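Understanding the architecture of this molecule
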Amino acid sequence: MAIDREEIEKIATLARIKLDEQQIPQVTQSISDILALVDQMQSVDTDGVTAMANPLDATQRLRPDEVTERDERDAFQGIAPNAESGLYLVPKVIE
Amino acid sequence: MHTKTIAELVRGLHNRDFSSEELTRHFLRRIEQLDERYNSFISLTAEQALAQARQADQRLADSNETSLLCGIPLAQKDIFCTQGVRTSCGSKMLDNFIPPYNATVIQRLNDAGCVSLGKTNMDEFAMGSSNETSYYGPVRNPWDRECVPGGSSGGSAAAVSACLAPGATGTDTGGSIRQPASHCGVTGLKPTYGRVSRYGMIAFASSLDQGGPMTRTAEDAALLMNVMAGFDEKDSTSIDHAVPDFTTNLNNDLKGLRIGLPVEYFGDGLDVGIQNAIEQAIKTFESLGATVCDVHLPHTNLAIPAYYVIAPAEASANLSRYDGVRYGYRCEDPQDLFDLYTRTRAEGFGDEVKRRILVGTYALSAGYYDAYYRQAQRIRRLIKNDFVAAFEQVDVIMGPTTPTPAFKLGEKSTDPVAMYLGDIYTIAVNLAGVPGLSIPAGLVDSKPVGLQIIGNYFDESRMLNIAHRFQQVTDWHKQTAPGIDS
Amino acid sequence: MQWETVIGLEVHVQLATQSKIFSASSTQFGAEPNTQACALDLAMPGTLPVLNQQAVNYAIMLGLAINADINPLSVFERKNYFYPDLPKGYQTSQLEEPIVGPGVVNIQLPDGSHKAIRIHHAHLEEDAGKSLHEDFHGMSGIDLNRAGTPLIEIVSEPDMRSKEEAVAFAKKLHAIVTCLGISDGDMSQGSMRFDVNVSIRPKGEQTLGTRTETKNLNSFRFMEEAIVLEVERQIDLVEDGLKVKQETRLYDSDKKQSRSMRSKEEANDYRYFPCPDLLPVAIAQDHIESIRQSLPELPDAKQQRFIDSYGLSEADAAQLCDDRATADYFEIVAKETDDARLAANWIMGELSAKLNRESIAISHSPITASQLAKLLLRIKDNTISGKIAKQVFESMWQEGSDPDDIIEKQGLKQLSDSGAIETMVDEVLAQNPDMVDEYLAEQVEKKKKKKFNAIVGRVMQASKGKANPGQVNQILQQKLSR
């Protein structure tokens, strides 16, 4: 399936990836090529086939409700780009 | 010393022929001297390695030490989180990321007394088949430095191939252990999905990712699997399945072994030289008493299309956490929140990663989910059913690991689809979750050929047995790249 | 034009687990920022979720309490969007296969009528962190302590037709979850939050109008205010010939205003897909049955029992069953006094007024149920009058001490010595001959009674309220009829 520029810009926004103006034609082309490859799937009739999310069709194991984590804030915030007073700082959040 | 297998080094350590410290220094020296040729390491952790080696020597001095791998130096793919040691995943995004925790695989190897030499180069976030997408530059194939080593575990494959480490860890999402193993002439095992814990292994596509060993021999792979494999309560997808001693059955007789050759793996696009090498290998197995028949994996041609929906879709969500807020790269002077996200991710990710995130985002977006994601998950079931049916007829499936030998650097880097098509024989294995092994089985144009052995779920022990018997009667695995002196 | 309001609710309830839904961090409220956020809560690379058993059990309990089917296989999905309080860039939630299927909640309205509100489904998900907007050099601070706290989101059908119904439904859910003990229900800490979907349509119209969603209301009152405001806004729009736009709105409880949330850079497209790090949750029928067996008494059953065995009115029983702590409190007082009516009156009157005034939850009441029971026993055994009891209650509230001590210390014991009362009555009669004359002269029965009571009042005054009012009446009656 060919994808147009507008759609590329939409998904880039959804994915929060800034695309430079001059990149867009090339990105559009390569993604169209990949979608063309992927579209080979469309010819297959899969009615009645159950989608498979996990190779072993296993089910979820449950964890006892116990607190075993301890406070490691200093270690975690030691690698943060911008932390202050125990908080991670980001440009102002406007709802 | 560096051409020795892990099994040989284990004997040497236990016989006090050399100490772990001597062994470690030897490999560290080799890496320092030679790796500029290959670029197989992103980080070298010499001090830590020597400290671990000295600890291992103390453990080895105690005659009660039971860990066979105690004192063995290994290289770790830079996708495994290592406490206190930069873990970049081949990306600028994590160039400054020093995890405060260990991956379970790393923890298990540490506990066994293994020595970590450093972190190996890889395609960025394991997305690639050539190692050219790494932020740290491409890895070069020790057999031909104009060629790629394969990917994404190209650094680990090259390091073992160039005898910079006797063994390494790798991860395989669509062939990322087997394809570089094939291209670099080493043994690489992708275990059954769920066999090796994914905790602390940076996720590319969670339902496909699996860690495994890359070594010179099947026996060495078995030794590493004994430590790496096993249930982990920190990973919900880890399977609580009995873990055998993978070395126990190595020498079992192959008489009566039923080998299936998928007709779909021997068609158009397969290099003639590779086909000949694989046929030769099959004859060897027949001489060891195995029987051979054709099997069908009719949905093989759908594996790549399904994979390039599922893997990018999962990746698009897995990589959303790289947002410049809590760790990793953050763009300079963000104007607002949107700017922080979009520039951090545009600057921190390379082109291939961005491409896959965009494809995955598209495949999951409103109006396309059924046609892409759901359809791919259904095809995935059909592919699994192919394997289930084949394993009702045969014990293992064999074929080439790759359709061509290692290609030239830059040859496919501008054509992603051409690159993707090279994974035709490896990808279905990940979609089905079955184990796959690649072992050296010949040379074409002086470049290694890999034989792929695909086993049934949890049948790694038998696969290693088959590979080991092959390696006892052939010496492809003993060949070293030109210029690797012993 | 007559308009009909249509309301649907999405109720987020924080589950009272010790640890988070997918990590072993504490869920306790009020810790220092980011001290309860482990590597998984911070979405550190390579970390993986493992599901908390108790969260699943609590969801099953809720499902059983609202007569819903429990899905034998439910699936966690990723809901993808970028927000700084959402560290992974997706929220782990459920969409196609939620843990709890359709159910029903019965509500009782202020006029005593009943209505069944259908539940579309309820699903498990993780809470997000918090953005703090205090000024950090023009930036916001992110605290991820709350990230990963288990939530159950209960989604109703659009079955409510008024704010009263919506509030009754919300209160009923509060009663159910607190009764089950699956949530502390503490709204001041955000343990229960409401998203309200409101639309209007001409009365008699069958199709639904365009709805808006007002998000994150954290009290019954704010919810009510937001509904009133939104209904007015929509009616104004439509009557002005404009259209209601489907949008998400925020209610500002200080300004009593609502506004459209800043439209994101693009329309939301959450790209849900099954979370590959988590496997389908299988729930065996016998596990559901064992939970059913251990389920505590639910508000409806409790209310009926209060009516049947304590002889309470339906309204009183409903009010006492609003939350489990109140119901439990009542039962202790009722049992220890053997006077359910008296207990109910005091709890719904004196006690609840005081608790409301000081915004204290009954579970933290300075007067315990047993202490209140003791006080009421002193009324019953005529040690003090009801009026004096209120004075004692006040002292108990302030000092937290035993009612008997207060009665003793403040000398409040009721005077029952008939000789002493008689002396007091004689004195009052002697001092107020005009009152006596007026009483005796009065012919109209009603007025005569009033004048009698005035004399009783004088006697009580003289005794500083301590005389037994019954005895005063009796003695006075005798004296004046002579």
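Our subject in this report is the structure included herewith. The structure displayed is predicted, hence computed values, not measured ones.

1. Quick word on the pairing of strand β1 (residues 3-14) of chain C
All names here are of chain C. The buried fraction of β1 amounts to 12 of the 12 residues, a majority that puts the element mostly inside the structure. Taking every second residue as pointing to the same face, both faces of β1 are buried, with Trp3, Thr5, Ile7, Leu9, Val11 and Val13 on one and Glu4, Val6, Gly8, Glu10, His12 and Gln14 on the other. Note that β1 and strand β11 (residues 192-202) share 11 bridges and pair antiparallel. Counterpart to Val13 in the pairing with β11 is Met192. Summarising the sheet, β1 and strand β10 (residues 150-156) pair through 5 bridges and their orientation is antiparallel.

2. A few points about the packing of helix α8 (residues 340-357) of chain C against helix α10 (residues 386-399) of chain C
Residues and elements named next belong to chain C. Packing of α8 against α10 leaves a shortest axis separation of 12 Å and a crossing angle of 40°. Where α8 crosses over α10, the handedness of that crossing is right-handed. Seen from α8, the contacting residues are Trp346, Glu350, Leu351, Lys354 and Leu355; seen from α10, they are Gly386, Ala389, Lys390, Phe393, Glu394, Trp397 and Gln398. For the contact of α8 with α10, the residue count by class is 6 nonpolar, 2 polar and 4 charged.

3. Focus on the interface of chain A and chain B
Every contact between the two is made by 49 residues of chain A and, on the other side, 65 residues of chain B. Surface buried jointly by chain A and chain B totals about 5,200 Å² across both partners, of which 69% is contributed by carbon and sulfur atoms. Among the residues of chain A in contact with chain B, Met41(A), Met52(A) and Arg61(A) are the three that bury the most area, contributing 13% of the side total. Residue Lys384(B) pairs with Asp57(A) through a salt bridge whose shortest N-O separation is 3.5 Å. The tally of links between chain A and chain B comes to 20 residue pairs in polar contact (both at pLDDT 80 or more). Only α1 (5-14), α2 (24-38), α3 (73-77) and β3 (87-91) of chain A provide two or more residues apiece to the side of chain A that touches chain B. Looking at the side of chain A that touches chain B, the element that brings in the most residues is α2(A), giving 8 residues. Taken together, the residues of the side of chain A that touches chain B sort by class into 32 nonpolar, 10 polar and 7 charged.

Rules behind the numbers
Residues numbered from 1 in each chain as written. Chains lettered and ligands numbered in written order. Predicted model: local features only at pLDDT ≥ 70, side-chain atom pairs only at ≥ 80, totals over all residues. Heavy atoms only, no water. Buried < 20%, exposed > 50% of the residue type's maximum accessible area, 1.4 Å probe, protein only. Helix = DSSP H or I, 4+ residues; strand = E, 2+ residues; numbered from the N terminus. Pairing = 2+ DSSP bridges. Axes fitted to C-alpha atoms, helices over the stretch in contact; angles between N-to-C directions. Left-handed = near helix turned anticlockwise from the far one by under 90°. Contact = heavy atoms within 4.5 Å. Nonpolar A, V, L, I, M, F, W, Y, C, P; charged D, E, K, R; others polar. Buried area = accessible area lost by both parts, 1.4 Å probe. Salt bridge = Lys/Arg side-chain N within 4 Å of Asp/Glu carboxyl O. Polar contact = N/O pair within 3.5 Å; in protein donor to acceptor, adjacent residues only side chain to side chain.

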